[in-house]
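# Residue-level structural notes
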Protein chains: 2
Amino acid sequence: MAAIIAALSIPFATQAQRRGGPQVKSPEVADGKVTFRILAPKAEAVKLSAGDIPGVGQGKEMTKNSEGVWEVTMDVAPGYYRYNFNVDDVPVIDPRNPSTSESNNNTWSLVGVPGAKWMDTQEVPHGAVAAITYYSSALKKFRRMHVYTPPGYQEGKGKYPVFYLLHGAGDCDDSWTSVGRAGFILDNLIAEGKAKPMVIVMPAGHTGQMMFGGPRSTRDEFAEDFTQDVMPYIESHYRVKADRKDRAIAGLSMGGAQTLNIGIPHLDEFAYIGVYSSGVFGIIPRANGPAQQGPTFEEQHKDVLDNAKLKKGLKLFWFGTGKDDFLLETSKATVAMFKKHGFDVQFHESEGGHTWINWHDYLHEFAPQLFQ
Amino acid sequence: MAAIIAALSIPFATQAQRRGGPQVKSPEVADGKVTFRILAPKAEAVKLSAGDIPGVGQGKEMTKNSEGVWEVTMDVAPGYYRYNFNVDDVPVIDPRNPSTSESNNNTWSLVGVPGAKWMDTQEVPHGAVAAITYYSSALKKFRRMHVYTPPGYQEGKGKYPVFYLLHGAGDCDDSWTSVGRAGFILDNLIAEGKAKPMVIVMPAGHTGQMMFGGPRSTRDEFAEDFTQDVMPYIESHYRVKADRKDRAIAGLSMGGAQTLNIGIPHLDEFAYIGVYSSGVFGIIPRANGPAQQGPTFEEQHKDVLDNAKLKKGLKLFWFGTGKDDFLLETSKATVAMFKKHGFDVQFHESEGGHTWINWHDYLHEFAPQLFQ
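The structure displayed is predicted, hence computed values, not measured ones. (Residues numbered from 1 in each chain as written. Chains lettered and ligands numbered in written order. Predicted model: local features only at pLDDT ≥ 70, side-chain atom pairs only at ≥ 80, totals over all residues.)

## With respect to the domain arrangement of chain A
Residue and element names in this part refer to chain A. Partitioning chain A into domains gives domain 1 (14–114) and domain 2 (119–369). Taken together, the contacts link eleven residues of domain 1 with 16 residues of domain 2. Breaking the side of domain 1 that touches domain 2 down by element, the ones donating at least two residues are strand 7 (79–87) and strand 9 (100–102). When residues in the side of domain 1 that touches domain 2 are grouped by element, the largest group, three residues, is from strand 7. (Domains from an automatic or database assignment. Contact = placed C-beta atoms within 7 Å. Helix = DSSP H or I, 4+ residues; strand = E, 2+ residues; numbered from the N terminus.)

Structure (structure tokens):
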């Protein structure tokens, strides 16, 4: 059997293995350090790119050994990070790492440094994260979303509260699951009794290939898809409780703005709202941008903002933004605007910037406050 | 809002966009042709690699335009294919294509050419494909599997038959879902009334990083994980019927051999067995390999092979292998061996070779015969 398997393996061996080239292990995680490696003998310059790993910045130089393997070792705090290589200006995911994280326009390699137990894979009951294809009647095309069902759901008993969790502009519906670790964060919180078992719905926030750069629709396509297709699909296909007190919505960056664009006009449907590293886009006039056109968010939603009865049913209105986040002032101005209208807003100003390091933390802080 | 989103997009723009480089679209699918492109101005040679696209062979040369974009256009039959680029000997997934397919050691880009309706995304009810993390008590580590639940399952009613579907040596537990299209093939068959709604379990066939090349265990680690952990997990966490007539198992290549290694000694548990592009490994003595050691498969399983009662409950024993498959003789010898022992074996010799083109077909042919 071993000999046959060895023979069978030849068609599936990596290119380097077929050529008898060096065996390359990447990423190698040990003692809080990560070594990244890539075989590229002909390349002139190779850098590590990784938005969220502190110290990488615009790219960390790698050095080449005599076999043509480029390498860099970094101290990396426990967490889950996207990265890729820049090989002579070509973005290259790690050819030795099958673990990836999809974003809006491309796919990244994914590395985990264990040690942050609350988001590590632990020996606790695990939920299931499913990819769902549905036809959007609003957008007239197929769309995908990811849905986390908690431990026990698949057995078929009971109804669960539902949490809609939106991604950012650089992301897609896979991102909260892969780099975001949402499923594992919830598995751990539920196992500790800190969060209620819930269904988490992670829809696709971009509605077209040309989100940026192409002609913009005047429709709020995402809000239409969300209210006409995503929510009705979930409420008809999943065992979720379909009332305000059992519905939450939150999002990061672009998804935080979408959360407010959906959550405020439909405040009668959501009892929990979270805004991570975001706020009302355009709330701060930009010196170098065109003037805001049309009515402001505050003007558009005046009736809701001043409706005391609607506010009463909002059990949590939570903002989290990092001190170094380029949207910090937007968050603060948004919080101030809601407070002016009498909302009981919680604002958590954290360390750090506009990164998944904070979004992991915010989810971990927000989820236990839901449906209690 | 548009201006703010445009500003927000800057941190998330692709490298070429930030630099004002050429906009590259890849892959571009139109009229049965696919154009693959990659921006690599400094590269000396770029090839398209794609195991299953006829005509690519060991790599299809691409040509560079004045902007540094390499390109090749090919006629590609409707279907779903993995590919990547070889850029100066570095394997590179398509930086412009977020769609990927994970394999054992790396990740591929994925392209779909619509037109084979039976595996395209159609406007029919869709099931859900979930990634599940479980702790393997047999292997003392965390493992992942994918589970397809048919339309209606998530609503919580009824029990379903279960089909265990195993991948090949070059693959992982994601492969039947991504490049394999298993969920979409079943969605379409179920919508047409041709296949029974069923749960499909796609476990991870490799049990260690060093499946090939490293020291081999004498244990059948996969069979232990499968029987001690995968099946009990599914039968305790999912609403599946836990009896022989509602259980099927099939696999491709390495997964076909695993199917026989599990299905024959546990023939009392499976009523349907499928072997795609495979057979009993080692059934044909190899001129250039070491002699078979220990008892043969036939000797090991003599009691089962000659047990008429067990055979009677086997409702389908199906083999499919292509005329150009390097395992064709292995398949034929395996079929002959089972026939010799009185098994009612169906052998489908198809066109083609050891490719996903055939594995799509075999699943599409096999699944409607289950649980009828």
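Alright, that's what it looks like, and here's the rest.
## Side note on the pairing of strand 11 (residues 128–136) of chain B
Put simply, side chains in a regular strand alternate between the two faces of the sheet. In terms of burial, strand 11 of chain B is largely enclosed, as seven of its nine residues are buried. Where strand 11 (residues 128–136) of chain A lies against strand 11 of chain B, five bridges are found, and the strand directions are antiparallel. Along strand 11 of chain B, the bridge assignment pairs Ala131(A) with Val129(B). Where strand 11 of chain B and strand 12 (residues 141–149) of chain B come together, nine bridges link them in antiparallel fashion. Looking at the pairing, Ala130(B) lines up with Val147(B) of strand 12 of chain B. (Buried ≥ 20, exposed ≤ 12 C-beta atoms within 10 Å, placed from the backbone. Pairing = 2+ DSSP bridges.)

## What about the confidence of the model for chain A?
Residues and elements named next belong to chain A. Looking at chain A, the pLDDT average stands at 91 and 90% of residues meet or exceed 70. Across residues 210–215, confidence stays below pLDDT 50; counting only partners more than four residues off in sequence or on other chains, it has six contacts. Both confidence scores are given for the complex: pTM 0.92, ipTM 0.91. (pLDDT = per-residue confidence, 0-100.)

## Quick notes on the packing of helix 4 (residues 221–237) of chain A against helix 5 (residues 254–263) of chain A
Residues and elements named next belong to chain A. One way to put it is that helix 4 packs onto helix 5 with a least axis distance of 10 Å and a crossing angle of 60°. Regarding the angle of helix 4 to helix 5, the classification is oblique. Here the hand of the crossing between helix 4 and helix 5 comes out right-handed. Contacts between helix 4 and helix 5 pair Phe-222, Ala-223, Phe-226 and Thr-227 from the former with Gln-258, Asn-261 and Ile-262 from the latter. (Axes fitted to C-alpha atoms, helices over the stretch in contact; angles between N-to-C directions. Parallel < 35°, antiparallel > 145°, perpendicular 65-115°, else oblique. Left-handed = near helix turned anticlockwise from the far one by under 90°.)

## Some words on the sheet that holds strand 6 (residues 69–75) of chain A
All names here are of chain A. If you walk across this open sheet you meet the four strands as 1-2-6-5, and the pairing is antiparallel. Edge strands, defined here as strands with exactly one partner in the open sheet, are strand 1 (28–30) and strand 5 (63–64). By the bridge criterion, seven bridges tie strand 2 (residues 33–39) to strand 6 in an arrangement that is antiparallel. Considered in strand 6, the bridge of Leu-39 is made with Val-69.

## Topic: helix 10 (residues 356–366) of chain B
In terms of burial, helix 10 of chain B is largely enclosed, as ten of its eleven residues are buried. What helix 10 of chain B keeps buried is the set Trp356(B), Ile357(B), Asn358(B), Trp359(B), His360(B), Asp361(B), Tyr362(B), Leu363(B), His364(B) and Phe366(B).

## Quick word on the pairing of strand 6 of chain A
All names here are of chain A. Direction of pairing for strand 5 relative to strand 6: antiparallel, over a ladder of two bridges. Along strand 6, the bridge assignment pairs Lys-64 with Trp-70. With antiparallel pairing between neighbouring strands as the criterion, strand 5 and strand 6 make up a hairpin whose turn holds four residues, including Gly-68 at a positive phi of roughly 90°.

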